[in-house]
Amino acid sequence: MEIWRRNLYVLCGSLFFVMVAMSMIMPFLPLYIQQDFGIEDPHQVTAWAGIIFGANFLTAGLVSPIWGNLADKHGRKIMILRSGFFMSITMALTGFAGSLWQLLALRLLNGLVGGIIPASTALVASSVPKERIGYATGLLQSFITAGTIMGPLFGGVLAEKIGFRMIFVITGCVLLLATLVITFMVKENFVPPEKKERSSLREDFQMIFSSKELPALFFVTVMIQFALFSIIPVLPIYISQLVGSEGAKVALWAGIVQACMGVANVFASPQLGRLGDRFGSQKVLLFSLLAAAIIFIPQGLVHTVWQLVALRFLLGLSLGGLLPSVNALLRRATPVHMVSRVYGYNNSFVSIGSMLGPMIGGFLAGYVSISGVFYMTSAFLFINAGWVYYSFFRNKSVQHPDSGIE
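Residue positions are given per chain, counted from 1 along the sequence in the order it is written. The model is predicted, so local features are restricted to residues of pLDDT at least 70 and side-chain atom pairs to those at 80 or more, both for listing and for counting; the totals for chains, interfaces and linings are taken over all residues. For the side-chain quantities, the full set of heavy atoms in the structure was used; hydrogens and water were omitted.

Let's talk about the packing of aromatic side chains
Stacked, edge-to-face and tilted are the three classes for Phe, Tyr and Trp ring pairs, Trp counted by its six-membered ring, which pair at centre distances within 6.5 Å; planes under 30 degrees apart are stacked, over 60 edge-to-face, the rest tilted. Under the definition given, this model contains twelve aromatic pairs. Where Phe-16 meets Phe-17, the ring centres are 5.2 Å apart and the plane angle is 80 degrees; that geometry is what we call edge-to-face. Centroid distance Phe-296 to Phe-374: 6.3 Å. Interplanar angle 45 degrees. Geometry classified as tilted. Taken together, the residues span a long stretch of sequence, with Phe-296 in helix H13 (residues 281–299) and Phe-374 in helix H17 (residues 370–394) at a distance of 78 residues. A 1.4 Å probe rolled over the protein chains alone gives each residue an accessible area, and that area as a share of the maximum for its type sets the label: buried under 20%, exposed over 50%, partly exposed in between. Accessibility expressed as a relative area gives 0% for Phe-374, which makes it buried. Grouped by ring-pair contacts, the aromatic residues Tyr-32, Phe-37, Phe-164 and Phe-168 constitute a single cluster. Sitting over a ring, as applied to charges here, requires NZ of Lys or CZ of Arg to be within 6 Å of the ring centre and within 35 degrees of the ring normal. One residue, Arg-82, lies across the ring of Trp-67, its end atom 3.6 Å from the ring centre. We count a stretch as a helix when DSSP gives it H or I for four or more residues in a row; a strand needs E for two or more, and each element gets its number in order from the N terminus.

Topic: the domain arrangement of the protein chain
For the purposes of this description, domain bounds are those given by an automatic or database domain assignment. The assigned domain composition of the protein chain is domain 1 (1–186) and domain 2 (201–395). Here domain 1 and domain 2 have C-alpha centroids that lie 20 Å from each other. Once two parts are brought into contact, the accessible area they lose, counted with a 1.4 Å probe and summed over both, makes up the buried area. Roughly 2800 Å² is buried in total at the junction of domain 1 and domain 2, and carbon and sulfur atoms are behind 66% of that figure. When the buried area of domain 1 at its contact with domain 2 is split by residue, Phe-57, Asp-72 and Tyr-135 rank highest and sum to 17% of it. Take a side-chain nitrogen of Lys or Arg and a carboxyl oxygen of Asp or Glu: if they are within 4 Å of each other, that pair is a salt bridge. On inspection of domain 1 and its partner domain 2, the count reaches one salt bridge. The partner of Asp-72 in a salt bridge is Arg-341, with the nearest N and O atoms 2.8 Å apart. Counting of polar contacts relies on pairs of N or O atoms within 3.5 Å, with two restrictions inside protein: one atom must be capable of donating a hydrogen and the other of accepting it, and residues adjacent in sequence are counted only when both atoms are side-chain atoms. For the pair domain 1 and domain 2, the interface holds eleven residue pairs in polar contact (both at pLDDT 80 or more). Mapped by element, the contributors of at least two residues to the side of domain 1 that touches domain 2 are helix H3 (42–74), helix H6 (116–127) and helix H7 (133–162). Take the side of domain 1 that touches domain 2: its biggest share by element is 13 residues, from H3. Each residue gets one label: Ala, Val, Leu, Ile, Met, Phe, Trp, Tyr, Cys and Pro are nonpolar, Asp, Glu, Lys and Arg are charged, and the others, such as Gly, are polar. Of the residues contributing to the side of domain 1 that touches domain 2, the split by class is 15 nonpolar, 13 polar and five charged.

Focus on H13
Given the number of residues in a helix, its expected span is that number minus one, multiplied by 1.5 Å. A rise of 1.5 Å per residue sets the reference length of H13, with its 19 residues, at 27 Å; its end C-alpha atoms lie 27 Å apart and thus fit the reference within 8%. What H13 keeps buried is the set Ser-281, Gln-282, Val-284, Leu-285, Leu-286, Ser-288, Leu-289, Ala-292, Ala-293, Ile-295, Phe-296 and Gln-299.

Section: the packing of H13 against helix H14 (residues 305–319)
Lines fitted to the C-alpha atoms define the axes, with helices restricted to the stretch that makes contact. Angles between their N-to-C directions range from 0 to 180 degrees. H14 packs onto H13 with a crossing angle of 165 degrees between their chain directions and a minimal axis gap of 9 Å. In terms of orientation, H13 lies roughly antiparallel with respect to H14. Judged by the twist between their axes, the crossing of H13 over H14 is left-handed. Packed against H13, whose contacting residues are Ser-288, Ala-291, Ala-292, Ile-295, Phe-296, Pro-298 and Gln-299, the element H14 presents Leu-308, Leu-311, Arg-312, Leu-314, Leu-315, Ser-318 and Leu-319 at the interface. Grouping the amino acids of the contact of H13 with H14 by side-chain chemistry returns ten nonpolar, three polar and one charged. By the definition adopted for this analysis, an angle is roughly parallel if under 35 degrees, roughly antiparallel if over 145, roughly perpendicular if from 65 to 115, and oblique otherwise. The crossing is said to be left-handed when, going from far helix to near helix, the turn is anticlockwise and less than a right angle, and right-handed when the turn is clockwise. Should any heavy atoms of two residues lie within 4.5 Å, those residues are counted as being in contact.

Things to note about the side chain of Arg-332
Looking at the secondary structure, you find Arg-332 in helix H15 (residues 323–332). Among the residues examined, Arg-332 registers a relative accessible area of 10% and is labelled buried. Within the structure, the side chain of Arg-332 is placed 2.7 Å from the side chain of Ser-281, a separation counted as a polar contact.

Some words on a nonpolar patch on the surface
Patch membership requires more than 30% relative accessible area and the absence of a salt bridge. Residues of like charge join within 9 Å; the nonpolar side chains Val, Leu, Ile, Met, Phe, Trp and Tyr join within 5 Å. For accessible areas, the Shrake-Rupley method is used with a probe of radius 1.4 Å. Any residue's cover is judged against the shown protein chains and nothing else. Together, Phe-287, Leu-290, Ile-294, Ile-297, Leu-301, Tyr-375 and Phe-382 give the surface a local cluster of nonpolar side chains, amounting to about 640 Å² of exposed area. Those elements that place two or more of their residues in the nonpolar patch are H13 and H17. Tallying contributions element by element places H13 first for the nonpolar patch, with four residues. Residue position: Ile-297 is located in helix H13. For Ile-297, a relative accessible area of 35% puts it in the partly exposed group.

Considering the pattern of salt bridges
Taken as a whole and judged by the stated rule, the model has five salt bridges. One salt bridge connects Arg-76 with Asp-72, and the closest N-O pair in it is separated by 2.7 Å. Taken individually, Arg-76 and Asp-72 each receive the classification buried, so the pair is uniform in this respect. Salt bridges sharing common partners tie together Asp-72, Arg-76 and Arg-341.

Dropping the structure here:
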């Protein structure tokens, strides 16, 4: 088997289990804060949950370019291992936090040492043939999404059996095992760049943001993450309004709604990646954005939960073409010796969108309506589609971003 194929399959399997472990506790973070730290005021619970959830994205966004710079100098695999081993320690320690401030500090630390997904994406993108980038990144994204879907299901079962704290310890153990598998199974033929190709963070910033393609793709990334995360804080409340009940039934339907979207995404990502390799990733990105923007509108108008399930499934199909297309376009627009740095910067913009989406979505729902969040998300996706059209179709100089940074 070719090395790039083995690396791809091993990373797909390993990141699946990493994401299962990482997502086991996060959906239940408010309950963890409420039950284990004695916070009873609902407003305090949601405030702390938002701060602690976003803390990881904050520090991850700040340090991602640094880790990307080091990866291009010393290798992508070593950055995967660095992230995996340190995250296994911080996640296990999180189960022993004695106060909310300790929990916040550990989440901030986890963001600082994290980066296993962008490092893995960079390794895959830098090793596969250019004509297979869309397929490879789509397959990797589908396994990451699948792990994210399965995590809350396992977390819900384990929380009842062993409690929230032990789930963090199990998460650390799973991260450790996955990292050990990558240590022995993934091979990287890394050639350190010549001194003339090495650059400082300041020089990286100037080179990357002087190009035409990369800032456009970074903006697309922010908008995608913003749109995807804006609805997360209000979705359970919306579902409770549709089913007319509270508690376990709402949790069950929330899981079904999330799972159906994720399953559709898992199946769509590799297929849309192949279409991107064949017809152009920018075309797949544009049509996926338009489809997602249209599908968000009727979600704010549904009267039954089954209608929402069907629409979220269709949304999952369209979302399968977003991040894989962006990753493929980033790779084609980037010289091989700068791949990790570019993915590091892009991960910073992923973090920005992931922080802003829930904050603004939750705020808007409180002052307008939950339906208004769906309409806002649709509007942002339409704006994003217009930006992609202008950047990659109307602007002919960047229509085919295969030549590297200008």
